[in-house]
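Chain by chain, the residues:
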Amino acid sequence: MKAIKDSVHGHVRLGDLAAELVDTPAFQRLRHIKQLSTVRLVYPSANHTRFEHSLGVYHLAGRAVDGLGVDGDTAAHVRAAAMLHDVGHGPYGHQTEGIIRRATGRDHDDVGWLLTDADREVCQVLERNGLDPERVAGLIDGAGALGPLVSGELDVDRMDYLVRDAHHTGVPYGTVDTGRLVTELRLVGGDGAGGSADLVSDPGHAADLVLDEGNVATAESLLVARSLMNAVVYRHHVSRVAGAMLERACERYLGRTDTDAAAFRRMADHDLLVELRERVPALGERIERRDLYKRAVWAGIDEVPAGTVDAGRAEERTAEREIADAAGVDRDAVIVDIPSRPTLKESGSAVVVDGVPQRLEDASELVTGLRAAERRRWTLGVYCPAERVDPVATAAREVLGLRATERPAP
């Protein structure tokens, strides 16, 4: 048993398998993938990595399976999945996930390509320790009765990153009681019956991961923490501007070089930044120096036509060209950033109320208010160099058909 000192959970104790997995190249690479990518341009201390986050998820998963009464082979697979859940991330994590998805058709949690390749050391370590790589990959993708513990509404991934991101940014908003959350988890069947070990061992019996009776407030705390972290950290406008610039720079980099998607997705953050600085200097150098574009438009959901709210990547790029042409600026100098409609995935988590599992959105009046807050915070952004803000703002309002003038910046 090896103990690693963690800034959030204290000592994380690794079993023999976990200790071997830590030493694989795929896991060591996570030391060089920052957990909060461009958010660290806002919060200077947010330099923690997906390596330490993955250790934290492993720690919480171990506590959760112990509380559920799951042991042996099943627990070993869950712990391995928790430890490896982020090995599929590309450079800058979620900031490049859309590019990788469009090029490969895979998200970061679709890691079968990595774990089931016999030439990969991760696969060899798992098999040497009696684990099935495909089963581990399935758990990372949320499959089976215990898959939602790794990837779901009540997953240990979310529990760790909220408290870890709050700790490293210095904000007080992401604090949740992870101890209570993992110890109050239960597996129940479709008839409401419990018995975690029996449900796990019976693949034909549907099971749901829920919080036990008396934990509506516990579930609400997770929802509130996520909503506040969205507002203050994850969707901070500076991070959004930098993230949009990074995405455009990556698209241009892949279009100008012979780097394929497979090689791109295995880069580390510093590898990508060096390449962007050299191959796409107009954006790469700005990102490195934090010389970011400014907001020409920052419009709320009520100001934006419904069709525009649901626009995809192709529509964004068309709008960028039309705005640039109308404003008389270079087409590469305009970025349109249309986020997806606001959601609170955690509102679908289940909690037992009066002996019956219910969705949190049905059991809590708080969910309605938080959804309204998320909707109010949704914003469409148009970014450009500071000296071009005025003409771009005028052109963007016309091209995008905004219903009102730009809102004051927060």
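The preceding data block contains the structure.
Summarised in this report is the structure supplied together with it. (Residues numbered from 1 in each chain as written. Predicted model: local features only at pLDDT ≥ 70, side-chain atom pairs only at ≥ 80, totals over all residues. Heavy atoms only, no water.)

1. As for helix H14 (residues 237-256)
In step 1: With 20 residues, H14 should cover 28 Å at 1.5 Å per step; its first-to-last C-alpha distance of 29 Å lies within 8% of that length.
In step 2: Among the 20 residues that make up H14, 16 are buried, leaving the element largely enclosed by the rest of the structure. (Helix = DSSP H or I, 4+ residues; strand = E, 2+ residues; numbered from the N terminus. Expected span 1.5 Å × (residues − 1). Buried < 20%, exposed > 50% of the residue type's maximum accessible area, 1.4 Å probe, protein only.)

2. Comments concerning the sheet that holds strand E4 (residues 207-211)
In step 1: Taking strand neighbours across the sheet as the criterion, the 4 strands line up as E3-E4-E7-E8 in an open arrangement whose pairing is mixed. Only two strands of the sheet have a single partner each, and these edge strands are strand E3 (185-189) and strand E8 (356-359). Pairwise comparison of adjacent strand axes, ignoring direction, gives a mean angle of 50° for this sheet.
In step 2: Sheet analysis places E4 next to strand E7 (residues 350-353), joined by 2 bridges and oriented parallel. Note on E7: the bridge partner recorded for Val210 is Ala350. (Pairing = 2+ DSSP bridges. Axes fitted to C-alpha atoms, helices over the stretch in contact; angles between N-to-C directions.)

3. Examining the side chain of Asp86
In step 1: Summarising the element assignment, Asp86 is placed in the loop between helix H4 (72-84) and helix H5 (97-104).
In step 2: Take Asp86: its relative accessible area is 2%, and that puts it in the buried class.
In step 3: Within the structure, Asp86 has its side chain in polar contact with the side chain of His85 (distance 3.4 Å).
In step 4: Those residues in contact with Asp86 that lie beyond four places of it in its chain are Leu30, Gln35, Arg50, His53, Ser54 and His108. (Polar contact = N/O pair within 3.5 Å; in protein donor to acceptor, adjacent residues only side chain to side chain. Contact = heavy atoms within 4.5 Å.)

4. Quick notes on the pairing of E8
In step 1: As paired strands, E7 and E8 are joined by 4 bridges and run antiparallel to one another. What sits directly across from Val351, in E8, is Gln358.
In step 2: In this structure, the hairpin formed by E7 and E8 is closed by a connection of 2 residues, where Asp354 is found at a positive phi of approximately 55°.

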